[in-house]
Amino acid sequence: MGSISQVTFTPLHPTFGAQVTGIDFSQPLSKDVIAQVKSGIDHYGVLVFRNAGLDDDSHVAFAQSFGELEPTPAASLGVKTRLPSPYIGDLANVDHQGNLKQYQDKLSRLFAKGNETWHADMQYHPRRCRYSILRAVQLPPAGTGGETLYADSRTAYDDLSSEMKKQLDTLVAYCSLLHNRRDAAPELYKGVDVMEWPNAKWKLVYPHEGTNRTNLYVTSYMHKIEGMSQQESDQLLKQLRDHAAQEKYIHTVNWENNGDMVMWDNTAVLHRATDGSGYIGKHVRDVRRTSCFDTGKYAWGENDSNNPWIIKLPKDPFAEPTAA
Ligand code: OGA
Ligand code: MN
C-alpha cells in the first residue's frame, strides 16, 4: 500500500471553490482520498483538479466513488451517441463522427444557449443530481472562450433578509428543460405549452446535506411557483436569480489544459457555460460530464419517487403548433 496522501485544498474565492492538489490520478484512489474529496466538496462546493488526465473509464470510476451514476438522457432513451459509456454526457461541439459542428448547425447553437443561463444539473428530472464532474478532453485555443461560471448559492441564501427566507421556506416551483431552452433561444418550441410536457417540482430552497447550511435552488429551469400568478412568480424568480448572480458570488473557472476536471455539488452551487461564439464552428471544445444522483433525503424533492421518468421534448424544436 502506498503512503497516506495529503490532499490539499487551495481556496479560489473568499466564500467557495478550491483547487485540489496532492491526488495521484494514475493510481487507484484510496478510501481515505475519496473521503477527503467528499469533505472538501461539502465545504467548498466546487473543486478544480488541474491535469487530472482521466479517460472515459477512469472518469466514470472516479465519479462512482461519490454515488450511483445517472445514465445520460440519451442512454436512457436508447438514442445512439458518439461515446459508448451510458454515464458520459457529451457536451462537445462535434457530431457523432467527431467532426466539428458547423456554425450553420442552428439547432445545436440555439440549444446550447440554455446552458449559458444559471442552473443546477438535472433539476428538470424528478430525482436530482448531486455531483457533476466535468472533464476537458480537447479545449479550444486560449482566448476563444469556454470558461465556466459558478455562483455560491449557499452564501447568496445566507445574505437574504429574514422575511425573504421565511417566504421561501415553503415555496415549490415547476422546472422544465423545455422552458430553459426556449427562454434562452425563443426560436425554439414556439407556442408550445410547457405544462403539457414533463415538469419536475422542486422547492426554492433546501438544507444542504453535508453542512448545516441552506441552498438557494432557483435556476433557469424554474418557471412557475405553485400558488402564485405567473406575474408574481416571474417577479420573485427574477429577483432571486439577479440576487444570486451578483459578481460577489461568482467564480470563473478558466479551463487551462486538456485533462483538467471540475467537480461541483449541484445542491450547493449554481453554474453556467459562457458564450461560445469565439470557438463554435471554428474549434473543437470537447468536454464530458458524469452525474451522481443525490442519495440524500431531498433527492426526489417534491416528486414521486415511485414514478421516475426521463425528459421528453417535442420532436421538431422549430415547429409551431397549428390551430386544429
Ligand atoms: C455542464 C455545464 C458548462 C460548460 O457540464 O453541466 O453546464 O462550460 N457545462 O460546458
Ligand atoms: Mn450544467
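Here the structure is a predicted model, which is why all the values come from computation and not from measurement. (Residues numbered from 1 in each chain as written. Chains lettered and ligands numbered in written order. Predicted model: local features only at pLDDT ≥ 70, side-chain atom pairs only at ≥ 80, totals over all residues. Heavy atoms only, no water.)

### Regarding the coordination of the manganese ion (ligand 2)
Put simply, the ideal angle at a metal is 109.5 degrees for four donors in tetrahedral geometry and 90 or 180 degrees for six donors in octahedral geometry.
Inference 1: Taken together, the protein donors to the manganese ion (ligand 2) comprise His119 (NE2), Asp121 (OD) and His271 (NE2), at separations of 2.1 to 2.2 Å.
Inference 2: One chain supplies every donor for the manganese ion (ligand 2), spaced along it as H-x1-D-x149-H. Residue histidine 119 shares its accessibility class with aspartate 121, and that shared class is buried. (Donors = N, O, S within 2.8 Å, 3.2 Å for Na, K, Ca; no water. Buried < 20%, exposed > 50% of the residue type's maximum accessible area, 1.4 Å probe, protein only.)

### Considering the layout of surface pockets
Inference 1: By volume, the second largest pocket amounts to about 390 Å³.
Inference 2: Residue lining of the second largest pocket: 18 residues in total, with His179, Asp183, Ser220, Met222 and Arg241 positioned closest to the centre.
Inference 3: Where the lining of the second largest pocket is concerned, the elements lending two or more residues are helix 7 (177-184), strand 11 (222-225) and helix 8 (230-244).
Inference 4: Element by element, the count of residues in the lining of the second largest pocket is highest for helix 8, at six residues.
Inference 5: Considering only residue class, the lining of the second largest pocket consists of six nonpolar, six polar and six charged. (1 Å grid on protein atoms, 1.4 Å probe; cavity = no way out; pocket = protein on both sides within 12 Å on 5 of 7 lines; lining within 4 Å. Points joined across faces, edges and corners; volume = space filled by probe spheres on them. Helix = DSSP H or I, 4+ residues; strand = E, 2+ residues; numbered from the N terminus. Nonpolar A, V, L, I, M, F, W, Y, C, P; charged D, E, K, R; others polar.)

### Observations regarding empty space enclosed by the protein
Inference 1: Tallied over the entire structure, the rule returns one cavity of 30 Å³ or more.
Inference 2: Here the largest cavity defines a volume of roughly 50 Å³.
Inference 3: Looking at side-chain class alone, the lining of the largest cavity contains six nonpolar, two polar and one charged residues.

### Concerning the site of ligand 1
Inference 1: Residues in close proximity to ligand 1 include Leu91, Asn115, His119, Asp121, Leu134, Thr148, Trp264, His271, Ala273, Arg285 and Arg289, which together make up its full environment.
Inference 2: Residue threonine 148 places a side-chain N or O atom 2.6 Å away from an oxygen atom belonging to ligand 1.
Inference 3: Here an oxygen atom of ligand 1 sits 2.6 Å away from a polar atom, N or O, in the side chain of arginine 289.
Inference 4: When ligand 1 is considered free in solution it has 290 Å² of accessible area, and contact with the protein chains removes 99% of it.
Inference 5: Along the lines of polarity and charge, the residues of the shell around ligand 1 split into four nonpolar, four polar and three charged. (Near = heavy atom within 4 Å. Polar contact = N/O pair within 3.5 Å; in protein donor to acceptor, adjacent residues only side chain to side chain. Areas by Shrake-Rupley, 256 points an atom, 1.4 Å probe, with all protein chains shown as cover.)

### Some details on the environment of threonine 322
Inference 1: By secondary structure assignment, the location of threonine 322 is in the segment after strand 15 (286-293).
Inference 2: Residue class for threonine 322 comes out exposed when judged on its relative accessible area of 73%.
Inference 3: Once the C-alpha coordinates of threonine 322 and lysine 80 are considered, the two residues, 242 residues apart in sequence, prove to be 31 Å apart.

### Quick look at the pattern of salt bridges
Inference 1: Throughout the structure, instances matching the rule amount to 19 salt bridges.
Inference 2: Here aspartate 265 and arginine 130 are joined by a salt bridge, their closest N and O atoms 3.2 Å apart. Taken together, the residues aspartate 265 in strand 13 (residues 261-265) and arginine 130 in strand 5 (residues 129-138) connect sequence positions 135 residues apart. Take aspartate 265 and arginine 130: they sit in the same class, and that class is buried.
Inference 3: Its salt-bridge partner being aspartate 286, residue arginine 288 comes within 2.8 Å of it at the nearest N-O pair.
Inference 4: Its relative accessible area of 9% is what places arginine 288 among the buried residues. (Salt bridge = Lys/Arg side-chain N within 4 Å of Asp/Glu carboxyl O.)

### Looking at the sheet that holds strand 13
Inference 1: Strand order in the open sheet formed by seven strands is 1-2-3-13-5-15-4, and the pairing between neighbours is mixed. Of all the strands in the sheet, just strand 1 (8-11) and strand 4 (89-90) have a single pairing partner and so form its edges.
Inference 2: Contacts from helix 1 (residues 31-44) reach strand 1, strand 2 (18-21), strand 3 (46-49), strand 5 and strand 13 within the one sheet, and its direction differs from that of strand 3 by about 130°.
Inference 3: Here helix 2 (residues 56-64) sits on the sheet in contact with strand 3, strand 5, strand 13 and strand 15, set at roughly 25° to strand 15. (Pairing = 2+ DSSP bridges. Contact = heavy atoms within 4.5 Å. Axes fitted to C-alpha atoms, helices over the stretch in contact; angles between N-to-C directions.)

### Considering the packing of aromatic side chains
Inference 1: Under the criterion given, the structure shown has twelve aromatic pairs.
Inference 2: Arranged with centres 5.9 Å apart and planes meeting at 25°, the rings of phenylalanine 9 and tyrosine 44 form a pair that is stacked. Taken together, the positions of phenylalanine 9 in strand 1 and tyrosine 44 in helix 1 put the pair 35 residues apart, joining distant regions of the chain.
Inference 3: The class of tyrosine 44 is buried, set by a relative accessible area of 17%. (Phe/Tyr/Trp six-rings, centres within 6.5 Å; stacked < 30°, edge-to-face > 60°.)

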